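Single-letter residue listing:
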Amino acid sequence: MLTLKYLTEIFPEYKGNLLDENCEVNLMMDSREKVNHGLFIPIIGERFDAHQFIEQAIENGAVAALWDRTKTIPSTAPDSFIFLLVDNTTEALQKLAKQYREDVNPIVIGITGSNGKTTTKDIVSSVVKKKYRTHHTEGNFNNEIGMPITILRMKKNTEVLVVEMGMSDFGEIDLLTKIAQPDFAIITNIGESHIEYLGSREGIAKAKLEIKNGLKDDGKLLIDGDEPLLEQCKNDHNVVAIGFESENDVKVENVEYVKQMTTFIINEKKYELPILGKHHAKNAAFAIKIGENLGLTYEQILSGLKSVQQTNMRFEWLTGKNGVALINDAYNASPTSMKAAIEVLKQISGYKQKIVVLGDILELGKYNETFHRSVGNEINSPIDIVYTYGEGSRFISQEIIDQGKNIISIHFDDKNELIKKLEEHCNEETIILFKASRGMKFEQFVESLLE
């Protein structure tokens, strides 16, 4: 569907000889990447302007580009190269994605929340693809550039589109939801991520609720029904409240861990998920409800849950040196998700020693010490040892020490010293959890302990 003709109909002002209007193009965001019939999108950032790489893009297969009309068109470009003249290339990318989404017209499922967006996206996609041709967000393509790219990379026969919507400030979800126009919108929870910019959890809730602004008139909003800050939504006709408390529309009950599976019950039906965590049972419940709305059978939903392929570094279970069990949950962290991960570790059986390695939770602003200490406050038996690394995480260790808990708690300023200490614990009777914000790069510790 993305042909040169299609592009020139959306962006009628262009330069170049349109020799083959039926030429199908492929998105090209990086001029260094070889792309057959590429549509180059030169983004202008605070410190860079990708327009300067147009010649390299042409060498690597670009046949057209969205082009800021204030920029000079290079004389070296072939006469057949199409420059689609726009006022702003980022906004043009968003306009193109919105139009393409409308023309393909899939059922759209939009997902936001402080924690669990990506895991919920993985679960929802795994379920709905048991019946529908499904396209979903990959990696962290969930912002004002990434989400439009996700949309433009879906095939024209896509039946369900699952998009993750991230944000760090007000207005960002509003923009994304109006591009995606979801039929179903999910708010996984309200945590503390980006509280430095949004001021409070109330501010975070307000920003997440912007997802309603693009929701179809007959669309459904699925929310964390256990979150008091979303209580205001519960009486809306199109809202489905999901959670553990009895007054929710969908109640998740009897959550248990069996080996590396989470089992739970909804409406007297049992479900299994190959991801550990009570909070993930709730994430799965969002997928179950949407699956039911889209006509999937119980068997199809069960099969979708069991076959979830999770994005890396999200409670990823690995075997390290001498058989030590490693849980890599280092993709990102908030106080809520860090506490949840530790709670799961407490309930895993079969190990004599449980160790938690924690790093900084970033973007907490003035709440930095308070929230880090709140994590330390939650750590108790059967956790045996806590090691921390980073500036903020020292408050986790200090809180454990200040409370006089019967837990070994040590803070490290040197990565290599921490690795040496961890190597002392590499045996089959030990399990080690790693959790920190993405910027801490905690996967380095995990990698150092692999065989």
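None of the values given here were measured: they were computed from a predicted structure.

J.: Hey, could you run me through helix α3 (residues 89–104) in this one?
T.: Since the α-helix advances by 3.6 residues per turn, residues separated by three or four positions end up pointing in the same direction. The end-to-end C-alpha distance of α3, which contains 16 residues, comes to 22 Å, matching closely the 22 Å that a straight helix rising 1.5 Å per residue would cover. For α3, the set of buried residues is T89, T90, A92, L93, Q94, L96, A97, Y100, R101 and V104. Looking at where α3 begins, the residue whose side-chain oxygen comes 2.9 Å from the main-chain nitrogen of T90 is N88. Phi turns positive one or two residues past the end of α3, at N105, with a value near 60°.

J.: Got a minute to help me understand the environment of T76 in this structure?
T.: Looking at where T76 falls in the secondary structure, it is placed in the loop between β4 (62–68) and β5 (82–86). Considering only alpha carbons, one finds T76 and H279, 203 residues apart in sequence, at a separation of 56 Å. A polar atom in the side chain of T76 sits 2.8 Å from the side chain of E55.

J.: How should the packing of aromatic side chains be read in this particular structure?
T.: The geometry of an aromatic ring pair comes down to the distance between the two centres and the angle between the two planes. This model, assessed by the stated rule, comprises eight aromatic pairs. Here F81 and F83 contribute two aromatic rings whose centre-to-centre distance is 4.8 Å and whose plane-to-plane angle is 55°, an arrangement assigned as tilted. Given a relative accessible area of 2%, F81 falls into the buried group. Between the aromatic rings of F442 and F445, the centroid separation amounts to 4.8 Å while the plane-to-plane angle is 85°, which identifies the pairing as edge-to-face.

J.: Sorry if this is basic, but what is going on with the sheet that holds strand β15 (residues 269–273) here?
T.: Sheets are built from strands that pair by backbone hydrogen bonding, the pairs being arranged parallel or antiparallel. Reading across from one edge, β13-β14-β15 is the order of the three strands in this open sheet, with antiparallel pairing throughout. The open sheet has two edge strands with one neighbour each: β13 (253–258) and β15. Averaged over all adjacent pairs, the angle separating strand axes in this sheet is 20°, with direction ignored. As defined by bridge partners, β13 adjoins strand β14 (residues 261–266) across four bridges and the pair is classed as antiparallel.

J.: What exactly am I supposed to notice about the packing of helix α4 (residues 117–128) against helix α9 (residues 278–293) here?
T.: Between two packed helices, both the angle of their axes relative to each other and the distance between the axes serve to describe the pair. The contact between α4 and α9 brings their axes to 9 Å, and the two run at 35°. Where α4 crosses over α9, the two elements pack in a sense that is right-handed. Within the contact between the two elements, α4 uses T119, T120, I123, V124, V127 and V128 and α9 uses H280, N283, A284, F286, A287, I290 and G291. Split by residue class, the contact of α4 with α9 holds eight nonpolar, five polar and no charged.

Cut-offs and rules
Residues numbered from 1 in each chain as written. Predicted model: local features only at pLDDT ≥ 70, side-chain atom pairs only at ≥ 80, totals over all residues. Heavy atoms only, no water. Helix = DSSP H or I, 4+ residues; strand = E, 2+ residues; numbered from the N terminus. Expected span 1.5 Å × (residues − 1). Buried < 20%, exposed > 50% of the residue type's maximum accessible area, 1.4 Å probe, protein only. Polar contact = N/O pair within 3.5 Å; in protein donor to acceptor, adjacent residues only side chain to side chain. Phe/Tyr/Trp six-rings, centres within 6.5 Å; stacked < 30°, edge-to-face > 60°. Pairing = 2+ DSSP bridges. Axes fitted to C-alpha atoms, helices over the stretch in contact; angles between N-to-C directions. Left-handed = near helix turned anticlockwise from the far one by under 90°. Contact = heavy atoms within 4.5 Å. Nonpolar A, V, L, I, M, F, W, Y, C, P; charged D, E, K, R; others polar.

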